Structure formats: structure tokens, C-alpha cells
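Next come the chains, spelled out residue by residue.
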Amino acid sequence: MTRKVCVVTGSSSGIGAATARLYAGSGWNVVVNYSREAAPAEAVAAECRALGAEALVVYADVSVDAQCRELAAEVEEVWGRADVLVNNAGTTRFVPLRDLEGLAAEDFHRIYSVNVVGAFQMTRAFTPLLRKNLGSAVVNISSIASFMGTGSSIAYMASKGALNAMTVGLARALGPDIRVNAIAPGLVETPWMQDGLGPERYAATVEAYRGRAVLDAVVRPEDVADAAWWLGAGAARTTGEVLLVDGGFRITRA
Ligand SMILES: NC(=O)c1ccc[n+]([C@@H]2O[C@H](COP(=O)([O-])OP(=O)(O)OC[C@H]3O[C@@H](n4cnc5c(N)ncnc54)[C@H](OP(=O)(O)O)[C@@H]3O)[C@@H](O)[C@H]2O)c1
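Everything numeric here is computed off the predicted structure, so don't read it as measured data.

Definitions and limits used
Residues numbered from 1 in each chain as written. Predicted model: local features only at pLDDT ≥ 70, side-chain atom pairs only at ≥ 80, totals over all residues. Near = placed C-beta within 6 Å. Helix = DSSP H or I, 4+ residues; strand = E, 2+ residues; numbered from the N terminus. Nonpolar A, V, L, I, M, F, W, Y, C, P; charged D, E, K, R; others polar. Pairing = 2+ DSSP bridges. Axes fitted to C-alpha atoms, helices over the stretch in contact; angles between N-to-C directions. Contact = placed C-beta atoms within 7 Å. Core = buried A, V, L, I, M, F, W, Y, C linked by C-beta atoms within 7 Å. Buried ≥ 20, exposed ≤ 12 C-beta atoms within 10 Å, placed from the backbone. Parallel < 35°, antiparallel > 145°, perpendicular 65-115°, else oblique.

Chemist: It is not clear to me how the site of the ligand should be interpreted in this structure. Could you clarify?
Modeler: Close to the ligand lie 29 residues; G10, G14, A89, G90 and W192 are nearest. Sorting the residues of the shell around the ligand by element identifies helix 1 (14–25), strand 2 (29–34) and helix 8 (191–197) as the ones contributing at least two each. Residue composition of the shell around the ligand, grouped by class: 12 nonpolar, 15 polar and 2 charged.

Shown next as C-alpha cells:
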């Protein structure tokens, strides 16, 4: 029998890489996608192969519709199927919350083109393939920023709010064939925050996060992958939901 296939956008590092590894270790074939450097994506693919999976490394900028469609065509040609699409690719610009003048319309457009339009284009490109299999699913990686007004910038939090709304719309549009859900992680230990904040601010942010979070911890990429596994491969009666994975940051310590 052909192995199931999971396509993870932006999977050469962080949450996407952890998700690709988890699916690969669970008997699925995986697509590792990147938009900048091939080498880190190849390294993740090698880890997936060591776990027994076939892994395809594909360049695609998800903000470019033609590249999303080419990616879907390549998966169809190689494996003839796709069962789960994880829209994980994301981008931002770090701008302090009160610095309204620091954000330009262009920042919104660029961030939306990846975080919202990119997820839409990938979902549209993969819909025919996903429809072929019972129980297929899309998992969008959103952010706690969409609920709490926290995170790298107002443009980023707005884009993730739009992604949540799109998740519900796509769930209705693609049901009953394809389930569509989102995960809203809290602060995750990935290059994203480390590069964005620099070492000192990152350390202080982690301390402050743990001080508020019920579970006294920041989130690991593997914790988000775990949720992406459940929403993708399980969760047979769940669609149109946004699941927080934040270590209890939103509800706060007693
Ligand atoms: N880290 C956090 O605290 C946190 C919290 C909540 C939500 N998230 C979300 O989690 C997702 C993954 O982030 P991460 O924390 O794992 O950071 P990361 O390691 O920096 O991953 C971001 C990924 O997005 C890819 N990407 C960016 N623009 C792309 C494009 N146009 N086309 C295809 N891929 C693109 C990058 O690939 P290339 O390098 O090849 O461009 C990279 O692999 C993002 O959607 C982010 O918003 C992160």
C-alpha cells in the first residue's frame, strides 16, 4: 500500500522541521519545503529518511501561486497522493507595538502575502489531491498573537487573525471531504524569536513567559508538531477549530 503523504511548508527549521520528522517517524512520506537555502531543508530530509520515510525537498515561495501549483504537481507526479497539508511557512517584521509609524502598508502586504495568501494558495493547489483520500486535512500554523495582541508586530498579529478566520471559511468550503484546523502556538523555541529579538531580549522574554505560563515553560517545536499530528492524522470529527498550544500562558498562573 502507498504510504500517506504530509506536505509541510517552511520545514527546513523550527516547527515545520519537527512536524516533518514526526510524520516521517510515524510511517508517512514527507515534503520538506524551503524558500531560501536548500542545505537546511536537505538536512531535515536526511533526518526523515533515517526515520524510514521517503522525503522530497522542494523549493517554493508560498506567496507565488505558480510555485504552489508546481509543488502540488510534483507531489502528484512522485507519489500520486497527499493526505495532510501543514501551512507552517510564516514571516514577520519585528516592530514595537506602540511604534505605529514603524509599520508601512508594504509590511502588511508582504506579511499577508505569505501568512494568509500563501496558506490560501497552497490549500487551493492541494485541494484536488487531498480530496482523493478519505480523512485528509489541512493544518494552519497561526499564533497566540492573534488572540492577545502580543508578538512581533501588529501586521503579524493581524495576519494570524486573518488566518484563523480563513481556517473557518475553508473548513466550511472544503467539508465534508477535507478537515481544516489551525494551531495557535505561544512562544516557541525556534530561530524565529531568537533571531528576531537577539540573545538578551530573547532570554528576558523567555523568563517573562515562563513567569506567567501555568506550565512554567515555553513551547517546544515538538509540542506544536504533536498537535499538528493529531489535527492532521486524527481528529476525525474536528474542523474549523483553532487550538492554543501555549503552556497555559493565556489563562495565567493562579
Ligand atoms: N516561534 C514562535 O514563537 C512562534 C509562535 C507562534 C507561531 N509561530 C509560527 O510558526 C510558524 C513557523 O515558525 P518557526 O517558529 O518554526 O520559525 P522558523 O524556524 O523561522 O520557520 C519559518 C519558516 O517559514 C519559511 N518561510 C518563510 N517565508 C516563506 C515563503 N515565502 N515560502 C515558503 N516558506 C517560507 C522559512 O523557510 P525559508 O527559511 O526557506 O524561507 C522557515 O522554514 C510560522 O508560521 C510562525 O508564524 C511561531
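Chemist: Can you help me understand the sheet that holds strand 7 (residues 242–245) in this one?
Modeler: Strands belonging to one sheet form pairs held by backbone hydrogen bonds; the direction of such a pair is parallel or antiparallel. Taken in spatial order, the 7 strands of this open sheet run 3-2-1-4-5-6-7, and their pairing is parallel. Only two strands of the sheet have a single neighbouring strand rather than two, namely strand 3 (55–59) and strand 7. When the angles between neighbouring strand axes are averaged without regard to direction, this sheet yields 20°. Taken strand by strand, helix 7 (residues 154–174) contacts strand 5 (136–141), strand 6 (178–185) and strand 7, and its axis lies near 165° from that of strand 6. Against the sheet, helix 10 (residues 221–233) makes contact with strand 1 (5–8), strand 4 (84–87), strand 5, strand 6 and strand 7, and its axis sits at roughly 165° relative to strand 6, the strand it touches most.

Chemist: What should I look at first to understand the environment of G175 in this one?
Modeler: Here G175 is to be found in the loop between helix 7 and strand 6. As a C-alpha pair, G175 and G186 span 11 residues in sequence and 28 Å in three-dimensional space.

Chemist: Would you mind going over the nonpolar core with me for this structure?
Modeler: One broad trend across soluble globular proteins is that nonpolar side chains are buried collectively. Residues V7, V30, V32, I183 and V224 are the most contacted members of the largest nonpolar core, which totals 80 residues. Counting residues per element, this core draws most heavily on helix 7, which supplies 9 residues. Those residues in contact with I183, other than ones at most four positions away along the chain, are V139, I141, S142, V224, A227, A228, L231, L243 and V245.

Chemist: Looking at this structure, how should I read the environment of W28?
Modeler: Mapped onto the elements of the fold, W28 is located in the loop between helix 1 and strand 2. A tally of 23 C-beta atoms within 10 Å means that W28 is categorised as buried. Sequence spacing of W28 and L231 is 203 residues, and the spatial spacing of their C-alpha atoms is 15 Å. With residues up to four places along the chain from it excluded, the contact list for W28 reads R3, K4, V5, C6, Y23 and A53.

Chemist: How do you make sense of the packing of helix 4 (residues 105–115) against helix 5 (residues 117–131) when you look at a structure like this?
Modeler: The description of two packed helices rests on the angle between their axes and on the distance between the axes. The interhelical angle for the contact between helix 4 and helix 5, taken along N-to-C directions, is 25°, at an axis separation of 3 Å. One finds that helix 4 runs roughly parallel with respect to helix 5. Across the interface between the two elements, Y112, S113, V114 and N115 of helix 4 pack against V117, G118 and A119 of helix 5. Classifying every residue of the contact of helix 4 with helix 5 by side-chain character gives 4 nonpolar, 3 polar and no charged.

Chemist: Help me out: how do you make sense of unusual backbone geometry in this one?
Modeler: Glycine aside, residues mostly have negative phi angles, and peptide bonds mostly take the trans form. For the peptide bond that leads from G175 to P176, omega is 0°, which places it in the cis range. Of note, P176 is situated in the loop between helix 7 and strand 6. The residue D216 is not glycine, and still its phi comes out positive at about 55°. Inspection of the secondary structure puts D216 in the loop between helix 9 (199–212) and helix 10. Even without being glycine, T252 reaches a positive phi, approximately 70°. On the secondary structure map, T252 appears in the segment after strand 7. Note on T252: 10 C-beta atoms within 10 Å, which makes it exposed.

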